[in-house]
Amino acid sequence: MLITLASSFELTFQCLKRRFFSIWTSRISFVTCSSLPKRASLRAFSFVLSFALIVIALTAPAIMAQKVELSVDVSKTGAKIDRNIFGQFAEHLGHGIYEGIWVGPDSTIPNTRGIRNDVVAALKAIKVPNVRWPGGCFADEYHWRKGIGPQRIVTLNPNWGGVIEPNTFGTHEFMDFLDQIGAEAYISANVGSGTPQEAAELMEYMTTAQPTTLAKERAANGHPQPFKVASLGLGNESWDCGGNMTPDYYLSQMKIYSRFVRNFNPAQQDKDQMLKIAVGPGGDEPRWTDWTEAVMKASQQHTWSWDINGLSMHSYTVGHWPPSFASTGFGETEYSQILKFTLAMEDLISKHSAIMDKYDPQKNVALVVDEWGAWYAPSPGTNPGFLVQQNSQRDAILAALNLNIFARHADRVRGANIAQMINVLQSMIMTDKEKMVLTPTYYVFKMYVPFQDATFVPVAFDAGTYTHGDISLPRVDAIAARDKAGKLWLAITNLDPNQPLEIEASLTGITAKSAVGETLTAPRVDSVNTFDAPNTVVPKPVSAKAQNGMLALKLEPKSVTVMSVEQ
Ligand code: AHR
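Residues numbered from 1 in each chain as written. Predicted model: local features only at pLDDT ≥ 70, side-chain atom pairs only at ≥ 80, totals over all residues. Heavy atoms only, no water.

J.: Residue-level account of the overall build of the chain, with values.
T.: When helices and strands are tallied, the chain shows eleven helices and 26 strands. Looking at the 567 residues of the chain, the share that counts as buried comes to 54%. Here the contacts in the chain between residues at least 6 apart in sequence split such that 76% fall between residues at least 24 apart. For the chain, the exposed surface amounts to about 24500 Å²; the carbon and sulfur share of it is 56%. (Helix = DSSP H or I, 4+ residues; strand = E, 2+ residues; numbered from the N terminus. Buried < 20%, exposed > 50% of the residue type's maximum accessible area, 1.4 Å probe, protein only. Contact = heavy atoms within 4.5 Å. Areas by Shrake-Rupley, 256 points an atom, 1.4 Å probe, with all protein chains shown as cover.)

Written out as structure tokens, the structure reads:
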């Protein structure tokens, strides 16, 4: 076939040459190629031309690989990238907790004290620093006493589908789960429908080492030692599902919780003190900037009796409410639109950070993006209240871009929790009875583990532009950091779904020999992992040699690559 086409191309080319020559020599009459009859010659020519155009179109990405120069000067270090920006969020919502984590001790699914072993093993591998629990909106209707002891109170989950909430997964089960995966607790207090007394008693129950009645009850329920509560959320979206409060009303409530909801754990009095995270903004409109202003202004004027350590921020990549983007079965248009929406995280953080800087230039109060991620239309056939969606290569790119933004703001953003860990929204893991599958987002979190608590190193580059229709995005995004052992790590995302990218990274301050790591890409922007095909989107090893302090890498289209630089 190729030979036929080549010879036909050659024939037509010769013919054209002769025609051109004859025009050039002013021969007026139309000269036909002696070897091709006129009509056949034209047909062959148009066929070959179309074929050539198709070939050019198909091979264009390879031919047109773009080049981007990165320059990394390891002597210019920035803030520590707090490992807590890799936090997770697990709400009592759909199958996030029940079936996702908890199957009960009598389940045929392998478990340890009711907690599924496959999920624990997968989460251990991504070194989850903290898990925010029990909500979300659920937290402001959660009454902890219903979830402890041998007799659990069965209630409803009015926020999420109005289903039965058995309360079999309560405080002890959550803390056991954290122990098993090696993460810390970020508990959301019920400010909306609870009382300061209820929240204070939860903290006494969980944290005191003294033999109080609540501590004895905790011991009787199986945990004599105090629990460690690393962070406490003082409400959730109190401007909306958490009670529709005005900033002033919220502040009056929040100060009471900050004052009376104490952590008594002896190991958390001097160092490792529990962080109190106030409710913060949910967008960039004036009502959110007003909210940030109000809380930060109050915090600047705080007295000895109350304080906050963090301001929460929620920002989903949703496009439009109600969520309508499909999580699979989409094309480049939806890919580029969603990435454009997600990159708005940069401006949102900058905007609220600027307000925080006015009242807290020392950056004592952290910005904690404790709900973020993609929120799409519910998967067809699922309970819309369960927020089930697929997770594709687009989500892997989205996750990397957001983690990069958080890392660039590491001096202020010291916590973030992707929504949500299992079976809900942009999850790490999906389960179906005994089956489990890891999502593309999971793999990004796994590849980024070396960035936990690493020191940010600025990277200079001209990102170029990837354009689709009327959307223009940076073609590339990159961050760098040095881990505790001094090793340099690079994370580079090629947003362009069609073009590979040639990277030339100049590294100043170290003598690089090579780089090794992993890259995550997929056949299509909407490629997903399923229970039947769990390895469609998995990382594969990559390596590169360095010459004269310069690393040359070729990145695949729509890929996330993380590499360590070997010296
Ligand atoms: O993550 C789902 C919901 O989104 C949370 O419960 C709520 O805080 C937010 O609006």
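J.: Can you explain the site of the ligand? Please cite residues and give values.
T.: As a structural note, the neighbourhood of the ligand is formed by 13 residues, with E91, C137, E237, Y316 and E371 the closest of them. Interatomic distance of 2.7 Å between a side-chain N/O atom of Y316 and an oxygen atom of the ligand. Summarising the interface, the protein chains cover 93% of the accessible area of the ligand, which totals 280 Å² for the free molecule. For the shell around the ligand, the class distribution of residues is six nonpolar, four polar and three charged. (Near = heavy atom within 4 Å. Polar contact = N/O pair within 3.5 Å; in protein donor to acceptor, adjacent residues only side chain to side chain. Nonpolar A, V, L, I, M, F, W, Y, C, P; charged D, E, K, R; others polar.)

J.: Tell me about the packing of helix α5 (residues 196-207) against helix α6 (residues 213-220), residues and numbers included.
T.: Two numbers describe how α5 lies on α6: the axes approach to 7 Å, and their chain directions differ by 55°. Taken as axis vectors, α5 and α6 run oblique relative to one another. Crossing of α5 against α6: the hand is right-handed. Across the interface between the two elements, E201, E204, Y205, M206 and T207 from α5 touch L214, E217 and R218 from α6. The residue inventory of the contact of α5 with α6, partitioned by class, reads three nonpolar, one polar and four charged. (Axes fitted to C-alpha atoms, helices over the stretch in contact; angles between N-to-C directions. Parallel < 35°, antiparallel > 145°, perpendicular 65-115°, else oblique. Left-handed = near helix turned anticlockwise from the far one by under 90°.)

J.: Could you give an account of the nonpolar core, naming the residues involved and the relevant values?
T.: Residues F177, W372 and Y448 are the most contacted members of the largest nonpolar core, which totals 132 residues. Formed by 27 residues, the second largest nonpolar core is a distinct cluster that contains L70, A480, L501 and M563. (Core = buried A, V, L, I, M, F, W, Y, C linked by side-chain atoms within 4.5 Å.)

J.: Tell me about the state of the cysteines, and please be specific about residues and values.
T.: For the coordinates displayed, the defined rule picks out one disulfide. Across the disulfide, C137 is cross-linked to C241 (sulfur-sulfur distance 2.2 Å). Since a negative S-S torsion denotes a left-handed disulfide, the C137-C241 link at about -95° is left-handed. Here C241 lies in the loop between β9 (229-234) and α7 (247-260) and C137 lies in the loop between β5 (130-133) and β6 (155-157), a separation of 104 residues in the sequence. Residue classification places C137 among the buried residues on the basis of a relative accessible area of 12%. With relative accessibility at 29%, the residue C241 sits in the partly exposed group. (Disulfide = S-S within 2.5 Å.)

J.: Before we move on, can you summarise the sheet that holds strand β26 (residues 559-566) with the specific residues and values?
T.: Taken in spatial order, the ten strands line up as β16-β20-β21-β26-β23-β24-β25-β22-β1-β17 in an open sheet, and their pairing is mixed. At either end of the open sheet lies a strand with only one pairing partner, and these are β16 (455-457) and β17 (459-461). Across this sheet, the average inter-strand angle for adjacent strands is 25°, counted without regard to direction. Looking at chain direction, strand β23 (residues 514-520) and strand β24 (residues 540-547) are connected through six bridges and run antiparallel. Its bridge partner lying in β24, A515 is registered against A544. Contacts from helix α10 (residues 393-408) reach β16, β20 (476-482), β21 (488-494), β23 and β26 within the one sheet, and its direction differs from that of β20 by about 50°. (Pairing = 2+ DSSP bridges.)

J.: Please give an account of the sheet that holds strand β13 (residues 413-419) that cites residues and values.
T.: Taken in spatial order, the eight strands close into a barrel running β2-β5-β8-β9-β10-β11-β12-β13, and their pairing is parallel. Ignoring strand direction, the axes of neighbouring strands in this sheet form an average angle of 25°. Seen against the sheet, helix α9 (residues 332-359) touches β11 (310-317), β12 (366-374) and β13 and runs at an angle of roughly 160° to β11.

J.: Summarise a nonpolar patch on the surface; cite the residues concerned and give the values.
T.: A cluster of nonpolar residues, V154, L156 and I164, forms a patch on the protein surface that exposes about 310 Å² of accessible area. When you line up the elements, L156 lands in strand β6. (Patch = residues over 30% accessible without salt bridge, like charges linked within 9 Å, V, L, I, M, F, W, Y side chains within 5 Å. Salt bridge = Lys/Arg side-chain N within 4 Å of Asp/Glu carboxyl O.)

J.: Which residues make up the side chain of N417, and what are the values?
T.: If you trace the backbone, N417 turns up in strand β13. Side-chain polar atoms of N417 contact the backbone oxygen of Q88, separated by 2.9 Å. A polar contact is formed between the side chain of N417 and the side chain of N130, at a distance of 2.8 Å. Once residues within four sequence positions are removed from consideration, N417 is found in contact with G87, Q88, F89, N130, R132, Y186, V368, V369, D370, E371 and W372.

J.: Go over the pairing of β11 with me, naming the residues and quoting the values.
T.: The buried fraction of β11 is high, at eight of eight residues. Of the two faces of β11, both are covered, the one formed by G310, S312, H314 and Y316 as well as the one formed by L311, M313, S315 and T317. Sheet analysis places strand β10 (residues 275-278) next to β11, joined by two bridges and oriented parallel. Directly across from I277, in β11, lies its bridge partner G310.

J.: Provide a residue-level description of helix α3 (residues 117-125), including the pertinent values.
T.: Buried residues of α3: V119, V120, A122 and L123, and no others. The arc enclosing the buried residues of α3, seen along the axis, measures out at 165°, which places them on a common side. On its buried side, α3 packs onto β4 (115-116), α4 (171-181), β14 (429-432), β15 (435-438) and α11 (440-447). Following α3 by one or two positions, K127 adopts a phi angle in the positive range, close to 50°. (Arc of directions from axis to C-beta.)

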